[in-house]
Amino acid sequence: MKVLVIGGGAREHALCRSLSLDPDVTALYCAPGNAGIAEVAELHPVDALDGDAVARLATDLGAELVVVGPEAPLVAGVADSVRAAGIPCFGPSGEAAQLEGSKAFAKDVMAGAGVPTARSYVCTTPAEIDAALDAFGAPYVVKDDGLAAGKGVVVTDDVEAARAHALACDRVVIEEFLDGPEVSLFAITDGTTVLPLQPAQDFKRALDGDEGPNTGGMGAYSPLPWADPKLVDEVMDSVLQPTVDELRRRGTPFSGLLYAGLAITSRGVRVIEFNARFGDPETQVVLARLKTPLAGVLLGSANGTLDELPPLKWRDEAAVTVVIASHNYPGTPRTGDPIEGLDEVAAQDAPHAYVLHAGTRREGDTIVSAGGRVLSVTATGKDLASARERAYTAAARIRLDGSQLRTDIARKAAEG
């Protein structure tokens, strides 16, 4: 089949890489893509938030499946426009994508589905904000109700910092702090059947030791050797299936990728947040471990036929991804710096390690930085220690002036 992927980050590069290795994919397009995706897919310009433009492009290319990567186009209803043009689309409707687009909507769905989550208040006035902060105490968890590209959440012991973030939002969700390690679990669904993927853990803070500001994610690993072997089954039964059932009951069926951000607390599993798309950088490690060809699974979601597919197959290997970010990320990142060493990684580290592009573009013969998170260096190995060593060996070959990376991705899990 001919597949069109919408987006231009490392998540989309990971999706395009997996699709390019799928023998059922006869043509692969990406819009707008990036310098790395150009090596595996044909790039086309498009305004990813313009559903009609995306649908026109898909029609012109003869695409038989459209995969919408980022959250903003999904919340904007791009998948609806593609489906209205008669083309199967992987990704929820604009209405169902409110599960990520509005924290308040997600809390309402969880309440209806009986899904365990943090107690919370939805606030729109200074008085409500003060009352909620006072009710929960430190550490304060303050979430912008809308989309904020992974940077809308503040967790702090400083009540003034919490209040300032809350006042800067039109509508804000303030909730109790959840203790315990965090886990990301993705599931592919067609609105009825739910196929869980393998769990991963990502690293949100900018600096080693989970210090510094929140980011979109500085690295990830999978599998989780410390997690309960029954975790996926438990989350399926208590979170994923009830949520999909509740959305269908409400008349807003959710098909696509349901992402549960979880806290494994002293009182059991709790949902921190839902996302309506593959997470970045967890996708990079999850897809590195997926043995089943990807296109047929995504098409099964789009067509409502997931129940006809055989169980997913997984590689025994572990995977680690390390994000190389630009100078000053997650503030205003510096862009336009040349990236060197990509050819060295391809020559010396493949196939066990490879580079997925996020914020890059080509200028003549040079690839330069074009965003905050620039590259995801991804590696596989027989265990986490081996995958980690390969990822950092490859990352050390990359030269980008002023760049930064965390040196402790998967360290604790690898050391057991």
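- Going by the annotation in an unreviewed UniProt entry, the name recorded for the chain is Phosphoribosylamine--glycine ligase, with Streptomyces atratus given as the source organism.
- UniProt annotates the chain under Pathway (unreviewed entry) with the comment "Purine metabolism; IMP biosynthesis via de novo pathway; N(1)-(5-phospho-D-ribosyl)glycinamide from 5-phospho-alpha-D-ribose 1-diphosphate: step 2/2."

1. Digging into the overall build of the chain
Here is step 1 of the chain: Secondary structure summary: the chain contains 14 helices and 24 strands in total.
Here is step 2 of the chain: Computed over its C-alpha atoms, the radius of gyration of the chain comes to 20 Å, within 12% of the 22 Å expected for a compact globule of 416 residues.
Here is step 3 of the chain: By its C-alpha atoms, the chain is 55 × 45 × 40 Å across when sized along the principal axes.
Here is step 4 of the chain: Of all 416 residues assigned to the chain, the portion counted as buried reaches 57%.
Here is step 5 of the chain: A separation of at least 24 residues holds for 69% of the contacts in the chain among residues at least 6 apart in sequence.
Here is step 6 of the chain: Element-wise, carbon and sulfur atoms account for 49% of the exposed surface of the chain, whose accessible area totals about 16,500 Å².
Here is step 7 of the chain: Of the side chains in the chain, 37 bear a positive and 58 a negative charge, and the two mean positions are spaced by 3 Å.

2. Thoughts on helix α6 (residues 103-113)
Here is step 1 of the chain: Among the residues of α6, those classed as buried are Lys-103, Ala-104, Ala-106, Lys-107, Val-109, Met-110 and Ala-113.
Here is step 2 of the chain: Turning to α6, the residues buried within the fold contact α5 (98-101), β6 (120-123), β7 (140-144), β9 (172-175), α9 (231-249) and β17 (268-275).
Here is step 3 of the chain: One or two positions beyond α6, positive phi appears at Gly-114, with a value near 70 degrees.

What counts, and at which threshold
Once a new chain begins, its residue numbering starts again from 1 and follows that chain's sequence as written. Confidence filtering applies because this is a predicted model: local features only for residues at pLDDT of at least 70, side-chain atom pairs given and counted only at 80 or more, and all residues used for totals across whole chains, interfaces and linings. Derived side-chain values reflect all non-hydrogen atoms in the structure, with water molecules and hydrogen atoms excluded from consideration. UniProt positions are given in the numbering used here, feature names are shortened, and annotations may be inferred rather than shown by experiment. Each helix is a run of DSSP H or I of at least 4 residues and each strand a run of E of at least 2, with the numbering of both proceeding from the N terminus. Taken over C-alpha atoms, the radius of gyration is set against a globule rule of 2.2 Å times the number of residues to the power 0.38. Each residue's exposure class comes from its accessible area (1.4 Å probe, protein chains only) as a fraction of the maximum for that residue type: buried when under 20%, exposed when over 50%, partly exposed otherwise. The criterion used for residue contact is that any of the two residues' heavy atoms lie within 4.5 Å. Residue burial considers only the protein chains on display, and all accessible areas are found by Shrake-Rupley using a 1.4 Å probe. Note that His is not counted, nor are the chain ends; the positive residues are Lys and Arg, and the negative ones are Asp and Glu. For the purpose of locating charges, the reference atoms are NZ of Lys, CZ of Arg, CG of Asp and CD of Glu.

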